[in-house]
Amino acid sequence: MKKMTSSNTVSSWNEGQVAKWLQDNGFKEYVSIFKRHKIDGYVLITLKESDLRSPPLEIPCLGDIKKISKCIDILLQSENHGSLNINKLCDYQTEGRRTNRVNSTDSNDSVDSLGQGLFEPELWKTAISFIYCFIVMLFTSFVMVIVHDRVPDRRTYPPLPDVVLDHLPMIPWAFDLAELCASFMMFIWIIILFFS
């Protein structure tokens, strides 16, 4: 590891040095696209994961996006700590990668611990969905009871004519089939909720 001077700081790298850094860290297939878009050291340290993912860079491999983004983070940390190994900054095959990431891991752990709740997000979503379905069922049942009690006598107040249904024959088993379909859908929903 050599001490950084004003001549070898990352922000002062030219496009050729960025290309060499990519090659040394196993990203040689992206050298041409970085050169095409004139990415020097100053631009490199300002790149974010969203920049790598979206046009014009639009790197197609998610694994490479994550690795390059992490390498840029390590690059920034090394520059801030005053030392820089230009040739093998992001060696994913050695223990050096772990030691370079110690500071970022410690800080990320403290942030992640603050974001952890009592339950996983999927459990919260399931619980909220179940509560919503239960409330809707209660409301629908209540409305059906109210409507049933307030339906007038058909002999005194016959139903209004219907252009479509008045011309269709009545199917006695249709309501039973609808109940079977509803029961079957409820059965499937219970299986998905508790066994998937």
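Our subject in this report is the structure included herewith. Everything quoted here is computed from the prediction, not taken from an experiment.

Procedures and definitions
Residues numbered from 1 in each chain as written. Predicted model: local features only at pLDDT ≥ 70, side-chain atom pairs only at ≥ 80, totals over all residues. Heavy atoms only, no water. Core = buried A, V, L, I, M, F, W, Y, C linked by side-chain atoms within 4.5 Å. Buried < 20%, exposed > 50% of the residue type's maximum accessible area, 1.4 Å probe, protein only. Contact = heavy atoms within 4.5 Å. Helix = DSSP H or I, 4+ residues; strand = E, 2+ residues; numbered from the N terminus. Lys, Arg positive; Asp, Glu negative; His and termini not counted. Salt bridge = Lys/Arg side-chain N within 4 Å of Asp/Glu carboxyl O. Polar contact = N/O pair within 3.5 Å; in protein donor to acceptor, adjacent residues only side chain to side chain.

Counting 23 residues, the largest nonpolar core has W21, F34, L44, L47 and L52 as its most contacted members. Leaving out residues up to four positions away in the same chain, L44 has contacts with W13, V18, W21, F34, I39, I72 and L75.

With that settled, the discussion passes to the side chain of D64. Relative to the helices and strands, D64 is located in helix α5 (residues 62-80). No salt bridge is formed by the buried D64. Its closest oppositely charged neighbour is K67, at 5.0 Å. Here the side chain of D64 touches Y30 through a polar contact of 2.5 Å, side chain to side chain. Setting aside chain neighbours within four positions, we find D64 in contact with F27, E29, Y30 and I59.

On to the pattern of salt bridges. One pass over the full model with this rule turns up 3 salt bridges. Here K20 and D24 are joined by a salt bridge, their closest N and O atoms 2.9 Å apart. With a gap of 4 residues between them, K20 and D24 both fall in helix α1 (residues 15-24), about one helical turn apart. A salt bridge links E49 to K66, with the nearest nitrogen and oxygen atoms 2.9 Å apart. Within this pair, whereas E49 is found in helix α4 (residues 49-53), its partner K66 is found in helix α5, the two being separated by 17 residues in sequence. Looking at E49, the relative accessible area reads 23%, which means it is partly exposed.

We now examine the side chain of S69. Within the secondary structure, S69 sits in helix α5. Among the residues examined, S69 registers a relative accessible area of 12% and is labelled buried. Other than its neighbours up to four places away in sequence, S69 contacts E49 and L52.

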